[in-house]
Amino acid sequence: MQSIKVKSPATLSNLCCGFDILGMALNEPYDIIELSKIDEHKIIIRHTDEFNLPTDPKHNIAGVALQSMMDALNYEGGFDIIIEKKIKPGSGIGSSAASAAGIVVAANELLGKPFNKKQLVAFAMEGELLASGSRHADNLAPCIYGGLVLIRDTSSLDIIELDTPPLFITIVHPQIEIKTSYAREILPKEVSLKSAVTQWANVAGLVSGFLKYDYQLISRSLQDVIVEPVRSKLIPGFDEVKKMGIEAGALGGGISGSGPSLFMLSENQNIAKSVESDMKLIYNHLGIDYKTYVSTVAKSGVEVI
Ligand code: HSE
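Residues numbered from 1 in each chain as written. Predicted model: local features only at pLDDT ≥ 70, side-chain atom pairs only at ≥ 80, totals over all residues. Heavy atoms only, no water.

**Focus on helix α2 (residues 95–110)**
Then, in step 1: Across its 16 residues, α2 extends 23 Å between first and last C-alpha, which sits within 8% of the 22 Å expected from 1.5 Å per residue.
Then, in step 2: In terms of residue burial, α2 counts as a mostly covered element, since 15 of its 16 residues are buried. (Helix = DSSP H or I, 4+ residues; strand = E, 2+ residues; numbered from the N terminus. Expected span 1.5 Å × (residues − 1). Buried < 20%, exposed > 50% of the residue type's maximum accessible area, 1.4 Å probe, protein only.)

**A short note on the packing of aromatic side chains**
Then, in step 1: Per the stated rule, a full pass over the model turns up three aromatic pairs.
Then, in step 2: Taken together, a centroid distance of 5.3 Å and an interplanar angle of 20 degrees make the contact between Y75 and F79 stacked. (Phe/Tyr/Trp six-rings, centres within 6.5 Å; stacked < 30°, edge-to-face > 60°.)

**Concerning the pairing of strand β6 (residues 158–162)**
Then, in step 1: Where strand β5 (residues 148–153) meets β6, five bridges bridge the pair, whose relative direction is antiparallel. Paired with L150 across the two strands is I160, which belongs to β6.
Then, in step 2: If you look at the hairpin formed by β5 and β6, you'll find four residues sitting between the two strands, and L157 has a positive phi there, around 50 degrees. (Pairing = 2+ DSSP bridges.)

**Thoughts on the side chain of D80**
Then, in step 1: For D80, the location among the structural elements is in strand β4 (residues 78–84).
Then, in step 2: Classification of D80 as buried rests on a relative accessible area of 15%.
Then, in step 3: Here R46 takes part through its side chain, which lies 2.9 Å from a polar atom of the side chain of D80.
Then, in step 4: Every residue in contact with D80, bar those within four places of it in the chain, is listed here: E34, L35, S36, I38, I44 and R46. (Polar contact = N/O pair within 3.5 Å; in protein donor to acceptor, adjacent residues only side chain to side chain. Contact = heavy atoms within 4.5 Å.)

**A look at the nonpolar core**
Then, in step 1: Ranked by size, the top nonpolar core spans 42 residues in total, and within it L35, L66, I81, I103, V104 and I144 carry the most contacts.
Then, in step 2: With nine residues, α2 is the largest single contributor of residues to this core.
Then, in step 3: With residues up to four places along the chain from it excluded, the contact list for I144 reads A101, V104, V105, K117, L120, V121, A124, G301 and V302.
Then, in step 4: Counting residues in each nonpolar core, the second largest holds 29 residues, with C17, L150, V203 and L251 among its members. (Core = buried A, V, L, I, M, F, W, Y, C linked by side-chain atoms within 4.5 Å.)

**Here's the deal with the sheet that holds strand β7 (residues 168–174)**
Then, in step 1: Read across the open sheet, the four strands follow the order β8-β9-β7-β10; overall the sheet is antiparallel. Strands at the two margins of the open sheet, each flanked by one partner only, are β8 (252–255) and β10 (290–296). Strand-to-strand twist across the sheet, computed as the mean angle between neighbouring axes with direction ignored, equals 15 degrees.
Then, in step 2: Packing against the sheet, helix α10 (residues 269–286) makes contact with β7, β9 (262–266) and β10, and its axis sits at approximately 10 degrees to β7. (Axes fitted to C-alpha atoms, helices over the stretch in contact; angles between N-to-C directions.)

**Section: the site of the ligand**
Then, in step 1: Residues in close proximity to the ligand include S13, N14, F19, D20, H136, D138, N139, T180, R184, R231, G257 and S258, which together make up its full environment.
Then, in step 2: In the environment of the ligand, an oxygen atom lies 2.9 Å from a nitrogen or oxygen atom belonging to the side chain of H136.
Then, in step 3: The separation between a nitrogen atom of the ligand and a polar side-chain atom of D138 is 2.6 Å.
Then, in step 4: When the free accessible area of the ligand is taken as 260 Å², the share hidden by the protein chains comes to 96%.
Then, in step 5: Most atoms of the ligand, that is more than half of them, are within 2 Å of grid points of the largest pocket.
Then, in step 6: A breakdown of the residues in the shell around the ligand according to their chemical character gives one nonpolar, seven polar and four charged.
Then, in step 7: Residue assignment places the shell around the ligand across two domains, with domain 1 (3–163 + 300–304) and domain 2 (168–296) each supplying three or more. (Near = heavy atom within 4 Å. Areas by Shrake-Rupley, 256 points an atom, 1.4 Å probe, with all protein chains shown as cover. 1 Å grid on protein atoms, 1.4 Å probe; cavity = no way out; pocket = protein on both sides within 12 Å on 5 of 7 lines; lining within 4 Å. Sits in = over half its atoms within 2 Å of the grid points. Nonpolar A, V, L, I, M, F, W, Y, C, P; charged D, E, K, R; others polar. Domains from an automatic or database assignment.)

**Side note on the packing of helix α1 (residues 61–73) against helix α3 (residues 117–132)**
Then, in step 1: As a packed pair, α1 and α3 sit with axes 8 Å apart at the nearest point and diverge in direction by 140 degrees. Here α1 lies oblique to α3, going by the angle between them. The hand of the α1/α3 crossing is right-handed. Residues I61, V64, A65, S68, M69 and A72 of α1 touch α3, and the partners they reach there are L120, F123, A124, E126, G127, E128, L130 and A131. (Parallel < 35°, antiparallel > 145°, perpendicular 65-115°, else oblique. Left-handed = near helix turned anticlockwise from the far one by under 90°.)

**Some words on the pairing of β5**
Then, in step 1: Here strand β2 (residues 22–38) runs beside β5; their pairing, made up of three bridges, is antiparallel. Looking across to β5, one finds that M24 is bridged to L148.

**Observations concerning empty space enclosed by the protein**
Then, in step 1: Per the counting criterion, the structure on display carries one cavity of 30 Å³ or more.
Then, in step 2: Taken as a whole, the largest cavity spans an internal volume of roughly 60 Å³.
Then, in step 3: Here the lining of the largest cavity is built from residues that sort into four nonpolar, two polar and three charged.
Then, in step 4: Each of domain 1 (3–163 + 300–304) and domain 2 (168–296) accounts for three or more of the residues forming the lining of the largest cavity. (Points joined across faces, edges and corners; volume = space filled by probe spheres on them.)

**With respect to the domain arrangement of the protein chain**
How large an interface is tends to be reported as the accessible area lost when its parts come together.
Then, in step 1: When its domains are assigned, the protein chain resolves into domain 1 (3–163 + 300–304) and domain 2 (168–296).
Then, in step 2: For domain 1 versus domain 2, the distance between C-alpha centres works out to 24 Å.
Then, in step 3: The interface is formed by 29 residues belonging to domain 1 together with 36 residues belonging to domain 2.
Then, in step 4: Inspection of the domain 1/domain 2 interface yields one salt bridge.
Then, in step 5: Where R184 meets D20, a salt bridge forms, and the shortest distance between an N and an O atom there is 2.7 Å. (Salt bridge = Lys/Arg side-chain N within 4 Å of Asp/Glu carboxyl O.)

Okay, structure coming up:
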């Protein structure tokens, strides 16, 4: 095989209380990445979108992730990459992870699958480090594994795949920019024992709710007392989206990843669509451009197409 095309999904990370440890792959939106082998030992990157991302492989997330994989293999050839990003960079739905994960999965396929999923997450994390200045896998792991995953330990990449009941995810992406590095810098370095107890009780409740298909437990557990109070101040419309989403029947929601996108989870598509209409009303009223998506959980991660 000389070339391959993959679809790399957006991901919803944190899921409120699970900062840096929970993430879910989404069916919408996704990037398309095409990768071809070349003889020369270099990486060529081309974009067919309007985002003006760097094409120098040392400064490109996909380039950095691919290079770390090539180094591990002492690979002497090179690659030509064409990226069509549909997940806007800086949206909070795993745009950088989709680039990094998509490229390493594609290269792994082209090279006869020398690496397993966990190793692919490790290579992709080099790209994520460039994007956000920190190593976290809560977008990358679901992007590669699909479904909902728990990263119990990031340094050893102890990744646990979890089941979920049917879920509909409504996302609104107000077109404002929040850099992940900034959204991480402003977080408290220490938390009180009281907040920690509330947070880990909710994480345990949320994971139990997913595994038991208990929507009410999921709903009660979608609470974040540590990160959301700080980051939500950066996102106009946050309180209104949450309030109207709950009134429309959603289970709960909050900030998607480091924002600015917001998400609400629902049990069925009708509720998810009515949440979407409310989100549109809110941002029309605020006069802020936005994009919305209604998605389901993507059972598989990056897929060859
Ligand atoms: N868990 C990360 C954060 C996701 O919230 O900063 C963003 O990449």
